[in-house]
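# Secondary and tertiary structure notes
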Amino acid sequence: MGVEAHATNERVTGRRWTVRLDPVGRGRADVRVSCSRAACAAQVLPSAADGRTAAIAHLKAHLRAGPAPRPSVHCACRAEECHTHIRPAGPRERPVPWRCGGAVVLAVITDREGRWWQVLECCSRCAAAHPTAKVVATAPAAEAPARGDGFRADAPAPAPPGGPAATTPTFSAISPHFSHSATAAATGTAVPQQASGSRSSAPRSARPTRKRPPRGRIAQRLVPHDLRPVALRDELTELGELFRAYQARTEPDLAVLADLHARKAEAFNAWAEVTADTGLRLDARRAEQAAATARLQHLHRIGQAPDGEGPAVVRLLTAPAQWNHARAVLAHVAENAPLPGAEARLLVLMVTLRTAQSGVGNLVGQDIKGLPLQDPEHLVGQLVESGWLGISGTVEELIASRPESPTRISVPSLTPDEDDPGPFTFGRKLRPKLSGWAQRVVGEKKLRKGKTGADVRLLALALATGADGEGRLGPGGEGIGLDALASWCAADPGDLPDLVDRLTAADWLAEADVTGTLLTGRLTERVLPLGCPLT
């Protein structure tokens, strides 16, 4: 043992150095790249991706510029008694020299998270024992002594077979690639290993390495390639890819996200059953909570109620079909109004909703006098003269009529016949709901107290049918075009900022902003029940 210890001390220890990637500080995105070599200064990079690229480039520069592995050096791994790979025979016995074996190689070892890279000049057996080791260069193995023979301190190192030319090391033709996703297979020269029980350190012939299938990743966890059942492994791998694809979307879809979280919860519960991992059970529980939250947010956004609960917003019109019919009526009036101007447009809308189903209906004076019209008698007279509206009696009698004796009215263009069923497809029960909804919007208390005109109330109708479930204006909250709003309100586009200000003062709009082509903002919580969300 004394001779062996002396020989061990006389031999040169293999080289070892490390390149690390560390965060600069908590809550910061920049990272620090450092090298254990004394001459290398640390670098600070703005992101982990940039830092990983710089660390790999720095390591490759060292490998290109550094000397080749030396065939007679002491294995750097064995210099620390190789606790990871080479177990001593007893608790107090030190490892003996012949437990390392094979040619001396230059190997790169990294962690799977890509936080550090370590270069070792060690024997091929120790390099092969590291699951992440990649052999960069190989030197011919030196002749090992027979067991128990030891070394003489004054004896020269044995010459490698093949003469001086054989001492030239061989390098891999393929540059190594180091990253957190690297597999255990080496990309360079195959790692030779010494046969069990052999005393010779000559390398064995290279044999092809078996490549493991690619490992999936989900929720910062690697899916084991040997996980069984295979269907569970494939489900976890697919879910990881679906989550990454969802994160790359430009627009969120909470319904899809809820389904993904639900599948993740089920898969993690099955994974926990197989591995008895408490952490997986906790992740499954969190996924179930995330699925419930995403599903509830989706229902709130589209204005529907969760099962067994009341709706998040109690709307006057409760179903998407009703909201679409309301928009259809507004579009029909905008295209077929017989007279110009905002007041005529508003009166035509209210009369259309009274006669939409059969072309006939009842009207009383208060229905007309409650609208913001400067001269209601004159306006009704113009509609009658144009032929668009028919009344049973005179205009004066219509204005003076009371609920107990309403006036019969008709709109010929809305009267269905055998050849033309009319422009609307909703039934008799929905017509009074639509009429009541429009009456509530137009006669809303703060709009009446603010003495707003017909153009402001038409704008309120347009915004009530042009916001999403959360009240944000336009599809996806991107806003509504000014030209479309001006056309519906029968107003000049330059007058829209003033109309928007009046709606904001009436607590209808919040965060309103009129740009060159769009109106953005949201409806206030107070008027959300009057909205018809976009679906």
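Calculation criteria
Residues numbered from 1 in each chain as written. Predicted model: local features only at pLDDT ≥ 70, side-chain atom pairs only at ≥ 80, totals over all residues. Heavy atoms only, no water. Helix = DSSP H or I, 4+ residues; strand = E, 2+ residues; numbered from the N terminus. Buried < 20%, exposed > 50% of the residue type's maximum accessible area, 1.4 Å probe, protein only. Contact = heavy atoms within 4.5 Å. Areas by Shrake-Rupley, 256 points an atom, 1.4 Å probe, with all protein chains shown as cover. Patch = residues over 30% accessible without salt bridge, like charges linked within 9 Å, V, L, I, M, F, W, Y side chains within 5 Å. Salt bridge = Lys/Arg side-chain N within 4 Å of Asp/Glu carboxyl O. Lys, Arg positive; Asp, Glu negative; His and termini not counted. Charge placed at Lys NZ, Arg CZ, Asp CG, Glu CD. Pairing = 2+ DSSP bridges. Axes fitted to C-alpha atoms, helices over the stretch in contact; angles between N-to-C directions. Phe/Tyr/Trp six-rings, centres within 6.5 Å; stacked < 30°, edge-to-face > 60°. Lys NZ or Arg CZ within 6 Å of the ring centre and 35° of its normal. Core = buried A, V, L, I, M, F, W, Y, C linked by side-chain atoms within 4.5 Å. Expected span 1.5 Å × (residues − 1). Arc of directions from axis to C-beta. Polar contact = N/O pair within 3.5 Å; in protein donor to acceptor, adjacent residues only side chain to side chain.

As a further point, take the overall build of the chain. Scanning the chain from terminus to terminus reveals 16 helices and 15 strands. Expressed as a percentage of the 535 residues in the chain, the buried residues total 41%. Taking the contacts inside the chain whose residues are at least 6 apart along the sequence as the reference set, 64% of them involve residues at least 24 apart. Summed over all atoms, the accessible surface of the chain reaches about 28,200 Å², with 52% contributed by carbon and sulfur.

Let's shift gears to a negative patch on the surface. Together, Asp375, Glu377, Glu396 and Glu397 make up a region of like negative charge exposed at the surface. Within the secondary structure, glutamate 396 sits in helix α11 (residues 395–400).

This part is about the sheet that holds strand β10 (residues 360–363). Within the open sheet, the three strands sit side by side as β10-β12-β11. Their pairing is antiparallel. The open sheet has two free edges, formed respectively by β10 and β11 (390–391), since each of these has just one partner strand. When β11 meets strand β12 (residues 407–410), the two strands line up antiparallel, connected through two bridges. When the sheet's bridge partners are listed, isoleucine 391 is paired in β12 with isoleucine 409. Where helix α8 (residues 342–355) meets the sheet, its contacts fall on β10 and β12, and the angle it forms with β10 comes to roughly 120 degrees.

Another aspect to go through is the packing of aromatic side chains. Counting across every chain of the model gives two aromatic pairs. Relative to tryptophan 271, the ring of phenylalanine 268 lies with its centre 5.5 Å away and its plane at 80 degrees, an arrangement referred to as edge-to-face. Of this pair, phenylalanine 268 and tryptophan 271 both sit in helix α5 (residues 254–275), separated by three residues, roughly a single helical turn. Across this residue pair, the class does not change: phenylalanine 268 and tryptophan 271 are buried. Here phenylalanine 424 and phenylalanine 426 contribute two aromatic rings whose centre-to-centre distance is 5.5 Å and whose plane-to-plane angle is 25 degrees, an arrangement assigned as stacked. Phenylalanine 426 matches phenylalanine 424 in its accessibility class, with the two residues each being buried. It is arginine 37 that lies over the ring of tryptophan 17; its NZ or CZ is 3.9 Å from the centre.

What follows covers the sheet that holds strand β15 (residues 518–523). Taking strand neighbours across the sheet as the criterion, the three strands line up as β13-β15-β14 in an open arrangement whose pairing is antiparallel. Each of the sheet's edge strands pairs with one partner strand only, and the pair in question is β13 (480–481) and β14 (509–514). Sheet topology places β14 next to β15; four bridges connect them, and they run antiparallel. From the neighbouring strand, valine 514 faces β15, where its bridge partner is leucine 519. This element, helix α16 (residues 496–505), spans β14 and β15 of the sheet and lies at about 165 degrees to β14.

On to the nonpolar core. Core analysis: the largest hydrophobic core is formed by 73 residues, its most contacted members being Trp437, Leu463 and Trp508. For tryptophan 437, the residues in contact, after removing those within four places along its chain, are Leu316, Leu317, Ala326, Leu330, Leu461, Ala464, Thr465, Leu530 and Cys532.

Across the two faces of strand β2 (residues 31–35) the burial differs, with Val31, Val33 and Cys35 buried and Arg32 and Ser34 not buried at all. Here strand β1 (residues 16–23) pairs with β2 via five bridges, running antiparallel. The partner of valine 19 across the bridge, within β2, is cysteine 35.

Within the secondary structure, arginine 327 sits in helix α7 (residues 320–336). Buried charge arginine 327 goes without a salt bridge, the closest partner of opposite sign being aspartate 468 at 10 Å. Those residues in contact with arginine 327 that sit more than four places away from it in its chain are Thr465, Cys532, Pro533 and Leu534.

It is worth spelling out helix α12 (residues 430–442) at this point. When the terminal C-alpha atoms of α12 are compared, their 19 Å separation across 13 residues agrees well with the 18 Å that a helix rising 1.5 Å per residue should span. Along α12, the positions that sit buried rather than exposed are Leu430, Leu434, Ser435, Trp437, Ala438, Val441 and Val442. Relative to the axis of α12, the buried residues are bounded by an arc of 160 degrees and lie together on one face. Taken together, the buried residues of α12 touch α7, α8, α13 (445–449) and α14 (454–464).

What follows concerns unusual backbone geometry. Between arginine 228 and the following residue, proline 229, the backbone shows a cis peptide bond with an omega angle of 5 degrees. By the secondary structure assignment, proline 229 is in the loop between β9 (221–222) and α4 (230–247). Even without a glycine there, the phi angle at alanine 219 is positive, about 55 degrees. With respect to the secondary-structure elements, alanine 219 resides in the loop between β8 (217–218) and β9. In this structure, alanine 490 takes a positive phi of about 55 degrees despite not being glycine. Its relative accessible area of 32% is what places alanine 490 among the partly exposed residues.

On to the environment of valine 44, then. Tracing the backbone through its elements, the reader meets valine 44 in strand β3 (residues 43–45). Valine 44 gets classed as exposed once you look at its relative accessible area, which sits at 53%. Taking the C-alpha atoms as reference points, valine 44 and proline 23, 21 residues apart in sequence, are found 9.3 Å from one another.

Attention now moves to the environment of cysteine 75. Considering the arrangement of structural elements, one finds cysteine 75 in the loop between α2 (48–65) and β4 (104–110). C-alpha separation for the pair cysteine 75 and arginine 125, spaced 50 residues apart in sequence, amounts to 10.0 Å. Once you skip the residues sitting within four places of it in the chain, cysteine 75 turns out to touch Cys100, Glu121, Cys122, Cys123 and Cys126.

Attention now goes to the side chain of aspartate 283. Relative to the elements of secondary structure, aspartate 283 occurs in helix α6 (residues 278–302). One polar contact links aspartate 283 to arginine 221, side chain to side chain, over a distance of 3.0 Å. Reaching out from aspartate 283, the side chain makes a polar contact with the side chain of arginine 286 at a distance of 2.4 Å. Setting aside residues no more than four positions away along its own chain, aspartate 283 makes contact with Arg221 and Phe268.

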